[in-house]
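Report on the structure
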Amino acid sequence: MDSHTGQLNVRPSRIEQLEADFAALAPKLPDGAERKALSLLHGMVQELWRVQTLGSGNQSRSGPTIEDIVDLHEHAPAMEGDALSTPLAVGEQAPDFALPDANGRTVRLSDYRGRRVVLAFYPLDWSPGCSRQLDLYQHELDEFGKRGADVVGISVDSLYSHGAWSAVRGLTFPLLADFNPKGDVARRYKVWREADGFSERALYVIDENGVIRHSQVSPKLQHVPDIYELFDALDRLATPKAA
């Protein structure tokens, strides 16, 4: 994004690839309000791209820009509430699962055997706290890598929502859609909020053998967990005591 003109600096090849990905995935979404909403979001992004590429840089525009979409979370309603769940205990075997990522590829926990995994359950894409939390993890991916850990996000949003949100926020780690059956994996990990229809904000650190070594549920939905506590949990796995 050009800070002076507000124009989007994205190579056409990237836009073309995203368009092709959307065209391949969109027919798989069942008819309903969510499909319509995502189609509207797709149309809005396409229109922004058309205006940015065809419009004059000297023309003033009153419509939204791609920057407005990036900043949507800053104006979204607050997500608040006390924790309702107690997570699975340290020492338990983490339940395996198979969920689609934003590209429709099936991801299983067992795919990460031999690696440490941070499972980040979060309530919803586009919400204020979730945007801040996952932006932070993206910024610190190198630190997770130094600790031999992969980050995986999980929410009840569809893979189409994950795809749009990842593109807007620049997230490169997998976001998995616990969408059908809705919340099935969150329930198995004991972090489902039935009345709200989404999960707690919860973290699990899983070791190379698929055993839970750290688990926590944020005391408040709006509370983003301390990343240094998360790093400490990963660091403890390298000690003889943890082994």
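Below: a short report on this structure. None of these values were measured; they are calculated from a predicted model. (Residues numbered from 1 in each chain as written. Predicted model: local features only at pLDDT ≥ 70, side-chain atom pairs only at ≥ 80, totals over all residues. Heavy atoms only, no water.)

1. Examining the environment of Ser-127
Here Ser-127 shows up in the loop between strand 3 (116–121) and helix 4 (128–139). On the accessibility criterion, Ser-127 (7% relative accessible area) is buried. C-alpha of Ser-127 to C-alpha of Gln-222: the two residues are 95 residues apart in sequence and 9.7 Å apart in space. (Helix = DSSP H or I, 4+ residues; strand = E, 2+ residues; numbered from the N terminus. Buried < 20%, exposed > 50% of the residue type's maximum accessible area, 1.4 Å probe, protein only.)

2. Notes on the packing of aromatic side chains
For the structure shown, the criterion picks out 8 aromatic pairs. Members of the aromatic cluster, each reached through a chain of ring pairs, are Phe-97, Phe-121, Tyr-189 and Tyr-204. Seen from the ring of Phe-231, Arg-147 lies directly overhead, with NZ or CZ sitting 4.3 Å from the centre. (Phe/Tyr/Trp six-rings, centres within 6.5 Å; stacked < 30°, edge-to-face > 60°. Lys NZ or Arg CZ within 6 Å of the ring centre and 35° of its normal.)

3. Things to note about the pattern of salt bridges
In total, this model carries 13 salt bridges according to the counting rule given. Across the pair Arg-193 and Asp-196 runs a salt bridge whose closest N-O atoms are separated by 2.7 Å. We note a salt bridge from Arg-213 to Asp-207, for which the minimum N-O separation is 2.8 Å. Overall, the relative accessible area of 33% leaves Arg-213 in the partly exposed class. (Salt bridge = Lys/Arg side-chain N within 4 Å of Asp/Glu carboxyl O.)

4. A closer look at the sheet that holds strand 4 (residues 149–155)
The strands making up a sheet are joined through hydrogen bonds of the backbone, oriented either antiparallel or parallel. Here we have 5 strands laid out as an open sheet, ordered 5-4-3-8-9, and mixed in their pairing. Edge positions in the sheet fall to strand 5 (175–177) and strand 9 (212–217), since each of these pairs with one other strand and no more. Direction aside, neighbouring strands of the sheet carry axes that sit 20 degrees apart on average. By the bridge criterion, 3 bridges tie strand 4 to strand 5 in an arrangement that is parallel. Bridge pairing in strand 5 links Ser-155 to Ala-177. Where helix 6 (residues 159–169) meets the sheet, its contacts fall on strand 4 and strand 5, and the angle it forms with strand 5 comes to roughly 160 degrees. (Pairing = 2+ DSSP bridges. Axes fitted to C-alpha atoms, helices over the stretch in contact; angles between N-to-C directions. Contact = heavy atoms within 4.5 Å.)

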